[in-house]
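# Tertiary structure, described
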Amino acid sequence: MTIPIILDCDPGHDDAIALLLALASPEVELLGVTTVHGNQMLDKTTENALRVLELVGRSDVPVARGADRPLVRDLQVAAHVHGESGLDGPELPMATAQPVDQPAIDFIADRIRPGTVIVAVGPLTNVALYLEAHGTANVERIVLMGGAIAEGNMTPAAEFNIWADPEAAQRVFRCGRPVTMIGLDVTHKALLTPAWADRFRAAGRVGTFVAELVEFFKLYHARTYGWDGAPIHDAVALAQVFRPSLVRTEHRNVEIEVESELCRGRTVVDLWRRTERDPNADVGVDVDSDAFFELLLERVASLG
Ligand SMILES: [Ca+2]
């Protein structure tokens, strides 16, 4: 049975690759794409989503614009990671399609069906606003890329997506539906290395596009971590939706730090059950990196 999904994203290099994986995977039915501020301003992330769809001849997939800023915090984008366009590096065709004439949360309400998984790979503003307006009916679960058990990439304490809109993240983790958290502990274990990039390049036009995205995306990771390769964070979350065996998870309580400035947006994961707080999330702790990239390569290659 195919799994209906909404992809809520802020493309973004790894978002773009997650979108390609969704398009190429028969296990999921992509009901639509919703965009959010994050890696860049909303206008840019929306345009990037449309242009990636254009590249692969899928401008039929509807794209709905979401929130252009966090619930209460000031907007801050990740141009230092994704460049001025939000998707610097490869050439992309101009989009011929426009976003649908409906805000993201209304769009989701119209399209959602029983069993739908919301795959949220940007700041969680849209998801929080959707849950507030429409509740959790038909939301099977939420799979999100964000957070970390024990590290950060925006600050020493926090991962970017959660840091960007911690109040939204707090609402999502408390929403009562199953939440799967794919954080840095997982995604940093799956680096698309030069050897993998060569295989993607050899896999065709879309594979070459992926390799070119990584060529830019890895610069930040080389500067920051000294790595020769880049994590493809958001695609790991997408893959987990239909191939959960790729990621080992632990059912744990996760709370979001919203008061401290020092630890703003920290995902406080009770990994060792030091509290009585009820588990509210399946937290990714490990990933089969080779199996993930084999899957991604196979699917990207199928796009031509
Ligand atoms: Ca993202």
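For the structure given in this document, a descriptive report is provided here. Source: prediction; values computed, not measured.

## Observations regarding the nonpolar core
Within the largest apolar cluster, 98 residues are counted, with the highest numbers of intra-cluster contacts made by Ala18, Leu19, Val119, Leu144, Val172 and Val236. Counting residues per element, this core draws most heavily on helix α1 (residues 13-23), which supplies eight residues. Beyond its immediate chain neighbours, meaning those up to four positions away, Val172 contacts Leu124, Val127, Ala128, Leu131, Ile142, Leu144 and Val179.

## Focus: the sheet that holds strand β4 (residues 116-120)
One open sheet holds the eight strands; their spatial order is β3-β2-β1-β4-β5-β6-β12-β9, and the pairing between them is mixed. The open sheet terminates on both sides in strands that have one partner only, identified here as β3 (63-65) and β9 (247-252). Going from strand to strand, the sheet's axes swing by 25° on average, the running direction of each strand aside. Of the pairings in the sheet, the one linking strand β1 (residues 3-9) to β4 comprises four bridges and is parallel in character. When the bridges of β4 are listed, Ile5 appears paired with Val117.

## A short note on the packing of α1 against helix α11 (residues 233-242)
At a minimum axis distance of 6 Å, the contact between α1 and α11 shows a crossing angle of 25°. Relative to α11, the element α1 lies roughly parallel. Relative to α11, α1 is oriented so that their crossing is right-handed. The segment α1 lies against α11, with Asp14, Asp15, Ile17, Ala18, Leu21 and Ala22 engaging His233, Asp234, Ala235, Ala237, Leu238 and Ala239. Classifying every residue of the contact of α1 with α11 gives eight nonpolar, one polar and three charged.

## Topic: the environment of Ala235
Residue placement: Ala235 occurs in helix α11. Sequence separation of Ala235 and Leu20 is 215 residues, and the distance between their C-alpha atoms is 8.7 Å.

## Brief notes about helix α2 (residues 42-55)
In this model, α2 (14 residues) spans 20 Å end to end at C-alpha, consistent with the 20 Å of a helix rising 1.5 Å per residue. A large share of α2 lies buried, amounting to twelve of its 14 residues. Every buried residue belonging to α2 is among Leu42, Lys44, Thr45, Thr46, Glu47, Asn48, Ala49, Leu50, Arg51, Val52, Leu53 and Leu55, and all of these are buried. Summarising the contacts, the buried residues of α2 are in contact with β1, α1, β2 (28-35), β3 and α10 (205-225). Gly57, located one to two residues past α2, shows a positive phi value of around 70°.

## Topic: the pairing of strand β6 (residues 179-182)
Where a strand is regular, its side chains alternate between the two sheet faces. Side chains of β6 alternate between two faces, with Val179 and Met181 and Thr180 and Ile182 buried alike. Here strand β5 (residues 139-145) runs beside β6; their pairing, made up of four bridges, is parallel. Pairing of Ile142 across the sheet is with Val179, part of β6. Bridge analysis of β6 against strand β12 (residues 281-287) gives two bridges, and the strand direction is parallel. Considered in β12, the bridge of Thr180 is made with Asp282.

## Regarding α11
Burial of α11 is extensive: nine of the ten residues sit out of reach of the surface. Among all positions in α11, only His233, Asp234, Ala235, Val236, Ala237, Leu238, Ala239, Gln240 and Val241 are buried.

## Quick word on the packing of helix α5 (residues 125-134) against helix α7 (residues 166-173)
For the pair α5 and α7, the least separation of the axes is 8 Å and the interaxial angle reads 50°. One finds that α5 runs oblique with respect to α7. Of the two possible hands of crossing, α5 and α7 adopt the one that is left-handed. Seen from α5, the contacting residues are Thr125, Val127, Ala128 and Leu131; seen from α7, they are Ala168, Arg171 and Val172.

## A closer look at the environment of Ala120
Along the chain, Ala120 turns up in strand β4. Sequence-wise, Ala120 and Val36 are 84 residues apart; in three dimensions their C-alpha atoms are separated by 9.9 Å. Those residues within four positions of Ala120 in sequence are excluded, and the remaining contacts are Asp8, Val127, Ile142 and Leu144.

## Observations regarding unusual backbone geometry
Cis geometry is adopted by the peptide bond preceding Gly12, which originates at Pro11 and carries an omega value of -10°. Within the secondary structure, Gly12 sits in the loop between β1 and α1. For Asn138, which is not glycine, the phi dihedral falls at a positive 70°. The backbone of Arg273 shows a phi angle near 50°, a positive value even though the residue is not glycine. Owing to 11 C-beta atoms within 10 Å, Arg273 belongs among the exposed residues under this scheme.

Conventions and cut-offs
All residue numbers here refer to positions counted from 1 along the written sequence of the relevant chain. At least 70 in pLDDT is required for a residue's local features to be given in this predicted model, at least 80 for side-chain atom pairs to be given and counted, and no such filter applies to totals for whole chains, interfaces and linings, which use all residues. For this entry, the nonpolar core is defined as buried Ala, Val, Leu, Ile, Met, Phe, Trp, Tyr and Cys residues connected by C-beta atoms within 7 Å. Partly exposed residues are those falling between the two cut-offs: more than 12 but fewer than 20 other C-beta atoms within 10 Å of their own, whereas 20 or more means buried and 12 or fewer means exposed, with C-beta atoms placed from the backbone. We count a stretch as a helix when DSSP gives it H or I for four or more residues in a row; a strand needs E for two or more, and each element gets its number in order from the N terminus. Contact between two residues is assigned whenever their backbone-derived C-beta positions fall within 7 Å. Two strands make a pair as long as DSSP finds a minimum of two bridges between them. Throughout, an axis means a line fitted to C-alpha atoms (over the contacting stretch in the case of helices), and angles, computed between N-to-C directions, take values from 0 to 180 degrees. Working definition: roughly parallel below 35 degrees, roughly antiparallel above 145 degrees, roughly perpendicular at 65 to 115 degrees, and oblique for all remaining angles. We call a crossing left-handed when the near helix sits turned anticlockwise from the far one by less than a right angle, and right-handed when that turn is clockwise. All residues other than Ala, Val, Leu, Ile, Met, Phe, Trp, Tyr, Cys, Pro, Asp, Glu, Lys and Arg, Gly among them, are scored as polar; the first ten of these are nonpolar and the last four charged. A helix is expected to reach a length of 1.5 Å times the quantity of its residues less one.

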